[in-house]
Amino acid sequence: MSERQLGFDTLQIHAGAHPDPATGARQVPIYQTTAYAFRDADHAAKLFNLEEVGYVYSRLTNPTVSALAERITHLEGGVGGICCSSGHAAQIMALFPLMMPGCNIVASTRLYGGSYTQLTHTIKRFGWSARLVDFDDLDAVRAAVDDNTRAIFCESIANPGGYITDLDAIGELANDVGLPLIVDNTSATPYLCRPIEHGATLVVNSTTKYLTGNGTVTGGAIVDSGKFDWAASGKFPSLASPEAAYHGLNFYEALGGMAFTFHSIAVGLRDLGMTMNPQGAHYTLMGIETLSLRMDKHVANAQIVANWLENDPRIEKVTYAGLKSSPYYDRIERICPKGAGALFTFAIKGGYDACLKLIDSVELFSHVANLGDARSLIIHSASTTHRQLSDEQRVAAGADNNVVRVSIGIEDPADIIADLDQALAKATA
Ligand SMILES: *Cc1c(COP(=O)(O)O)cnc(C)c1O
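In every chain, residue numbers begin from 1 and rise along the written sequence. Per-residue local features are limited, in this predicted model, to residues with pLDDT of at least 70; the limit for side-chain atom pairs, both in listing and counting, is 80 or more; totals at the level of whole chains, interfaces and linings are taken over all residues. Processing note: side-chain calculations cover all non-hydrogen atoms of the structure and skip hydrogens and water entirely.

> Can you break down the pairing of strand S14 (residues 403–407) residue by residue, with the values?
Any residue under 20% of the maximum accessible area for its type is buried, any over 50% is exposed, and the rest in between are partly exposed; the area is computed with a 1.4 Å probe on protein chains only. The numbering of helices and of strands both runs from the N terminus, where a helix is a DSSP run of H or I of at least 4 residues and a strand a run of E of at least 2. Counting buried residues along S14, five of its five residues qualify, which places the element largely inside the surrounding structure. Burial along S14 is two-sided: Val403, Arg405 and Ser407 and Val404 and Val406, pointing in opposite directions, are all buried. In terms of strand pairing, strand S11 (residues 343–348) meets S14 through five bridges, oriented antiparallel. Counted as the bridge partner of Phe346 is Val404 from S14. Direction of pairing for strand S13 (residues 377–379) relative to S14: antiparallel, over a ladder of three bridges. By the bridge assignment, Ile379 is partnered in S14 with Arg405. Strand pairing is defined by DSSP finding a minimum of two bridges between the two strands.

Structure follows, in structure tokens:
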């Protein structure tokens, strides 16, 4: 195609895909193969030396998975990216080249429940740690950074509570302290928010959610902006010094802006094996073709449902950034100009038990631990996804006992409202 900059709707269909050179197949084939025949011994040596780019073994790269990685990279506006077996795998893989035992990250308190647990407990097994602070308090974020900090981590639209991170302010802070900013863009998707334009170094996505869009497969992706100077601070030896795990290659010296991507394939996927499979990539490639259409409908429906809930006397509070009453309403235009997403919480008058009754009374909504499905979903965070947290941590994460989280689907909005209406009647009777 010509040099002109293609629009988002075009890229979500075409980026990373070309008719198959062997057969002309127009859709990206599912390359269901583990290994790839080398042309000759010299070709094999060049591939292992990263002198030539090609396929070796599907734990590292696979053409179907590469097509998806390239597409998401284009949509996020980065220079390179990789796909992983899940969103959580992508988070570990994003941190892996940056961290050593004793290193920490500074992360927002407003996180997906699973990320909260991963960052506060599980990564300690690797000798890493996370300091969670309120990202609206920039002084606190700055104060939490020390000599062992290797990254700043937050979500663009934060799960679960209709919160929008001021990515411009956090991006500027990260730049000031010379650290990479990692943004989890799962709830927003690159259609609603492009974190790299606000200073993000790496963007992680759980492709399980909106990018696939129909609740079929788990997957994750990392996109690198290619803009971070990994050599400047001397804090990132895996990327900017001879890497012992890859015959002493200095990835940043050899590959510049592609250092993170190549390291993630040649060392990260090679040794951690958190690889996306080609079948999974296929489902996500199918879903991503309609991302913008679905997101517009998700946002429109979320706005209608949030407005309705806010005006209902049985509701105490709705935290959707698309409502004028939200303290984050003013951030939409700057951070996610196409809308505040379709994930929000509401508090009902009646507390914990009324929430459980509501969950048990819905008929159209599905009670599942997922979000970003074409279907409307509902969950009571306090008794499920945020169960492992203390009361205090739950409040900080926006998951108090009387709060339910909804992921508004793309059904007819009148039907979504009718279902909530009948379930609320039972819950508050
Ligand atoms: C679901 C989710 C994750 C984890 O992704 P998985 O694909 O389930 O591993 C991370 N962050 C956010 C914001 C999520 O919604």
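> Go over the packing of helix H4 (residues 87–95) against helix H5 (residues 113–120), please, and point to the residues and values.
Helix axes are fitted only over the stretch in contact, all axes being lines through C-alpha atoms; the angle between N-to-C directions runs from 0 to 180 degrees. The geometry of H4 relative to H5 is characterised by a closest axis approach of 11 Å and an angle of 40° between their N-to-C directions. Note that H4 runs across H5; the crossing there is right-handed. Between H4 and H5, the contacting residues are His88, Gln91, Ile92 and Leu95 on the first element and Gly114, Ser115, Gln118 and Leu119 on the second. Polar here means any residue other than Ala, Val, Leu, Ile, Met, Phe, Trp, Tyr, Cys and Pro, which are nonpolar, and Asp, Glu, Lys and Arg, which are charged; Gly is therefore polar. Broken down by class, the residue content of the contact of H4 with H5 amounts to three nonpolar, five polar and no charged. Crossings are assigned a handedness: left-handed for a near helix turned anticlockwise from the far helix by less than a right angle, right-handed for a clockwise turn. Residues count as neighbours in contact if any of their non-hydrogen atoms are within 4.5 Å of one another.

> I'd like to hear about the packing of helix H13 (residues 291–310) against helix H17 (residues 413–427), residue by residue, with values.
For the pair H13 and H17, interaxial distance at closest approach is 10 Å and the crossing angle is 35°. The interaxial crossing formed by H13 with H17 has right-handed handedness. Facing Lys297, Asn301, Ile304, Val305, Trp308 and Leu309 of H13, the residues of H17 in contact are Pro413, Ile416, Ile417, Leu420, Asp421 and Leu424. By residue class, the composition of the contact of H13 with H17 is nine nonpolar, one polar and two charged.

> Could you give an account of the packing of aromatic side chains, naming the residues involved and the relevant values?
Paired rings are identified among Phe, Tyr and Trp, the last through its six-membered ring, by centres lying within 6.5 Å, and are further divided according to the angle between planes into stacked (under 30 degrees), edge-to-face (over 60) and tilted (the rest). Within the structure shown, the criterion is met by eleven aromatic pairs. Residues Phe8 and Tyr191 carry aromatic rings whose centres are separated by 5.3 Å and whose planes lie at 55° to one another, so their mutual orientation is tilted. Of the two residues, Phe8 is situated in helix H1 (residues 8–14) and Tyr191 in helix H8 (residues 189–192); the sequence distance between them amounts to 183 residues. On the basis of relative accessibility, which here comes to 18%, the residue Phe8 falls in the buried class. The exposure class assigned to Tyr191 is buried, which follows from its relative accessible area of 10%. Their ring planes at 40° and their centres at 5.3 Å tell us that Tyr36 and Tyr55 sit as a pair that is tilted. Linking Tyr36 in the loop between H1 and helix H2 (41–48) with Tyr55 in the loop between H2 and helix H3 (63–76), this pair joins segments that are 19 residues apart in sequence. Exposure remark for Tyr36: the relative accessible area of 15% places this residue in the buried category.

> Please provide a residue-by-residue account of unusual backbone geometry, values included.
With the exception of glycine, the majority of residues adopt a negative phi angle, and the majority of peptide bonds are in the trans configuration. Located in the positive-phi region is Leu50, a residue other than glycine, with phi close to 60°. The class for Leu50 is partly exposed, based on a relative accessible area of 24%. Here the phi dihedral of Thr189 falls at roughly 65°; this positive angle occurs in a residue that is not glycine. Examined against the element boundaries, Thr189 turns out to sit in helix H8. For Thr189, a relative accessible area of 1% puts it in the buried group.

> I'd like a description of the environment of Phe96, backed by residues and values.
By secondary structure assignment, the location of Phe96 is in the loop between H4 and strand S2 (104–108). Residue class for Phe96 comes out partly exposed when judged on its relative accessible area of 23%. Taking the C-alpha atoms as reference points, Phe96 and Ser238, 142 residues apart in sequence, are found 9.2 Å from one another. Discounting chain neighbours no more than four positions away, the residues touching Phe96 are Trp128, His263, Val267, Gly268 and Leu272.

> An account of the domain arrangement of the protein is requested, with residue identities and associated values reported.
It is common to give the size of an interface as the accessible area lost on bringing the parts into contact. Once the domains are mapped, the protein shows domain 1 (14–287) and domain 2 (291–427). What counts as a domain boundary in this text is fixed by an automatic or database domain assignment. Here the C-alpha centroids of domain 1 and domain 2 sit 29 Å apart. Contacts between the two partners involve 33 residues from domain 1 and, on the opposite side, 42 residues from domain 2. Using a 1.4 Å probe, buried area is obtained as the accessible area two parts lose upon being combined, added over both of them. Here domain 1 meets domain 2 over a buried area of about 3,200 Å², counting both sides, of which 59% is carbon and sulfur.

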